[in-house]
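Geometric and topological summary
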Amino acid sequence: MDVKDIFISTFLLCSCAANVSDPCSAALERAGDNRSELESVIRHYSIVDPDTQKLKAACYLIGDMIDKCSVVPVSAKEYDDIFERLHAFRGRNGFLTTEGVALVDSAVNNLPGGYVVLSDLGNISADFLISNIDSAFEQWESAPWAAEYSFDDFCRWVLPYRVSSEPLENWREVALSYHRPDEDSLKAAGDIWELGRLLINTTGLEYSENVSVPFSLSFSRMNMLGESTCGPLVLHAVQLLRSRGIPAAPEMIPAWGNRSSDHAWLTIINPDGSLTPIGYYGDNRPYVVENHRLPKVYLKSSFVRTEDPLFRYRQTEDIPQFFSGLDMADVTAKYDMPTVDVVIDGLNTGKSRIAWLCTFNNSAWVPVAYAEISDGKAIFKDMGNGQGFGHNAFRFDGGDLGIVYLPAYFVDGRVIPAANPVLVKDDGTVTELSADHNDRQSVTVRRKYPLFDTFCKDAVNMIGTRFEASDMADFSNKVTLLAVDSLQPHPLTRYKTASTDTGEKFRYVRYVFPDGLPGTDSLFGVSELRFFSSDTLLCGVTMFSSESTEFMGADNLFDGRLLTYCQAKYPEDTWVGLDLGYPRNITHIEYMPRTDDNDIWPGDIYEMLYWDGKWVSAGTKIAGDYTLTWDGMPSGTLYLLIDRTKGVENRIFTYRKGKQIWW
């Protein structure tokens, strides 16, 4: 390059940095020793391979790079070796074995040196950015739908080189290396939805609650892992769709309104700005569980939202981790979902300029929405009222529909209550919950956590089933010991059998699953079976029907642990039993449908709390039966029951007419 070329190059470079994009200029100033790599990208598209749009795209990426980073292991080789070995730890069902899950846990928690955060500005290479830009443009320019979108849409939903804080890699190249036979015809037809379905349904990845990673994996590592919770699966799917030029992004729920955990799914961004969620299962509709109450939905952008109140106060306000990227857009109103505007008045005018609404996640309050405080008031728009997409709703037994929110400030990483909790109900009413010490009541509890629909169904499905005994292993001459004709009054109720008084003895006993269940995809679970001769618990060798039925966990029925269970799919002609070794008189039977083990258990220690500006203890009790009562409790407020002996699931409730009303 001669002197004239150097002058032109320098002029164009400075012009781009100073005029094309102010954020780009600011990023270059902060890039330090890596500035030359970023300048090389600008030089590439202004001189080496001139392209005005790609130059703008490069400036866009660089300008949005300031807060982007990778979380990577210090012991990279050990980390890589673990993922390379995972293929040897898969069961016949394709999921990781117990040993494989333990291996992943070691990669997550026990690598020497832990993990380090690498800023993109200081570490990204010119070759990487150029490759990403060229590949994104190549797929975009060949997509029939591209003409319906703006260039800004492309930059936001297709161009970005990362989705979260995953280690940098050329994931577009990896994703494109696996070409589906039908994808060309779907792309040519411009059918984004069907192309997205094809791509997702052929990843080979599966949802699993057993494998969880607290950081983002690269596209290649997710392929090796093969299974995970919803968050990592969705990030992988976003990259997969963007590799084909499909505008896509994650949608997220920071916390549910009636249980712990968060949730995420993938959405396609349409030209008019509307959203088309796409899931991993069945018809690829989003997996939003009907009995989980949804407070808010956010679209994770690939850029900082400078118009957002959080951006304006980012230097003075502490921001919860979920929102700390300043890239979450509230899209709740885009869905067919009833909402309520919640107004919180009388807030103090101290340092906090942002107020939060929080839901309870079984142990703590989690921020799910924010609003700017003005004249002591905060207006939270479009808050969920307990109903979900398409007005789906699930009411706990004896309960109402709604979500309890706690108005709060977020200071030094802590949720600080700012006002009394409010109950937002499906009829649009917003009711303040306040402890009334002048109106006290007795509170009798039977559980510390609501009974979710799945467990209710398993309990109901036991009605009509039966326990049988025989002298023959094939049960060709059998008698019915017990027919289940009603729900249990309490867990592991002990029932007398038909042979209690006759003294008949049998070597073989079994439980017969229901002959048929409604629906074509029914699952039925049982936790525990116990056979007694007087007060002696009988043991034996587990027996069960043909393995041709989708069936698992027969031994779990006799292991004495309530949280393990046996499950059958299409359970016709399915049974599980014991060979007792020699004939015994079976006098009593105990059984338990699949359970969450959150009932009141005799011998456990329980603490009752009520809300009065904070959680206040009403004392502890040892359960002597399957219920507990606390007298003299203030009315009108929230309660929380904790089993101090075991368990982690706890849920807030109010109390009305002798019943726990769960929220």
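Residues numbered from 1 in each chain as written. Predicted model: local features only at pLDDT ≥ 70, side-chain atom pairs only at ≥ 80, totals over all residues. Heavy atoms only, no water.

1. Focus: the overall build of the protein
When you go through the protein residue by residue, the secondary structure sums to 16 helices and 35 strands. Considered along the principal axes of its C-alpha atoms, the protein spans approximately 110 × 65 × 50 Å. At a minimum sequence separation of 6, the contacts of the protein that also span at least 24 residues come to 70%. In the structure as shown, the protein presents an accessible area of about 29,300 Å², 49% of it carried by carbon and sulfur atoms. Side-chain charges in the protein split into 61 positive and 91 negative, and the spacing between the mean points of these groups amounts to 4 Å. (Helix = DSSP H or I, 4+ residues; strand = E, 2+ residues; numbered from the N terminus. Contact = heavy atoms within 4.5 Å. Areas by Shrake-Rupley, 256 points an atom, 1.4 Å probe, with all protein chains shown as cover. Lys, Arg positive; Asp, Glu negative; His and termini not counted. Charge placed at Lys NZ, Arg CZ, Asp CG, Glu CD.)

2. Examining the nonpolar core
Counting residues in each nonpolar core, the largest one holds 129 residues, and the members touching the most others are Leu-38, Ile-62, Leu-129, Leu-225, Leu-266, Trp-365 and Phe-380. Those residues in contact with Leu-225, other than ones at most four positions away along the chain, are Phe-83, Leu-86, Arg-90, Leu-96, Val-104, Val-211 and Leu-217. One finds Val-484, Val-509, Leu-538 and Leu-557 within the second-largest nonpolar core, a separate group that totals 27 residues. (Core = buried A, V, L, I, M, F, W, Y, C linked by side-chain atoms within 4.5 Å. Buried < 20%, exposed > 50% of the residue type's maximum accessible area, 1.4 Å probe, protein only.)

3. Here's the deal with the sheet that holds strand 20 (residues 478-483)
Read across the sheet, five strands follow the order 20-19-22-28-25 without closing on themselves; strand pairing throughout is antiparallel. What marks the edges here is a single partner per strand, and that holds for strand 20 and strand 25 (541-544). Sheet twist, expressed as the average angle between the axes of neighbouring strands with direction ignored, equals 30 degrees. Looking at chain direction, strand 19 (residues 466-470) and strand 22 (residues 506-512) are connected through five bridges and run antiparallel. Bridge assignment links Ala-469 to a residue of strand 22, and that residue is Val-509. (Pairing = 2+ DSSP bridges. Axes fitted to C-alpha atoms, helices over the stretch in contact; angles between N-to-C directions.)

4. Regarding the packing of aromatic side chains
By the definition in use, this model includes 31 aromatic pairs. Here the aromatic rings of Phe-467 and Tyr-511 are separated by 5.0 Å at their centres, their planes lie at 50 degrees, and the arrangement is tilted. Of this pair, Phe-467 sits in strand 19 while Tyr-511 sits in strand 22, and the two are 44 residues apart along the sequence. Judged by relative accessible area, which is 0%, Phe-467 ranks as buried. (Phe/Tyr/Trp six-rings, centres within 6.5 Å; stacked < 30°, edge-to-face > 60°.)

5. Quick notes on empty space enclosed by the protein
Evaluation of the coordinates by the stated rule reveals four cavities of 30 Å³ or more. Of the voids in this model, the second largest cavity is the one considered here, and its volume is about 50 Å³. Around the second largest cavity, the lining residues are Arg-305, Asp-308, Leu-310, Phe-311, Phe-323, Leu-326, Asp-327, Met-328 and Tyr-370. (1 Å grid on protein atoms, 1.4 Å probe; cavity = no way out; pocket = protein on both sides within 12 Å on 5 of 7 lines; lining within 4 Å. Points joined across faces, edges and corners; volume = space filled by probe spheres on them.)

6. Some words on the environment of Ala-469
By the element assignment, Ala-469 lies in strand 19. As for Ala-469 and Gly-577, which are separated by 108 residues in sequence, their C-alpha atoms are 9.2 Å apart.

7. Some points on a nonpolar patch on the surface
A contiguous nonpolar patch, built from Val-74, Val-116 and Leu-118 and spanning about 210 Å² of accessible area, is present on the exposed surface. Note on placement: Val-74 falls in the loop between strand 1 (69-73) and helix 5 (76-85). (Patch = residues over 30% accessible without salt bridge, like charges linked within 9 Å, V, L, I, M, F, W, Y side chains within 5 Å. Salt bridge = Lys/Arg side-chain N within 4 Å of Asp/Glu carboxyl O.)

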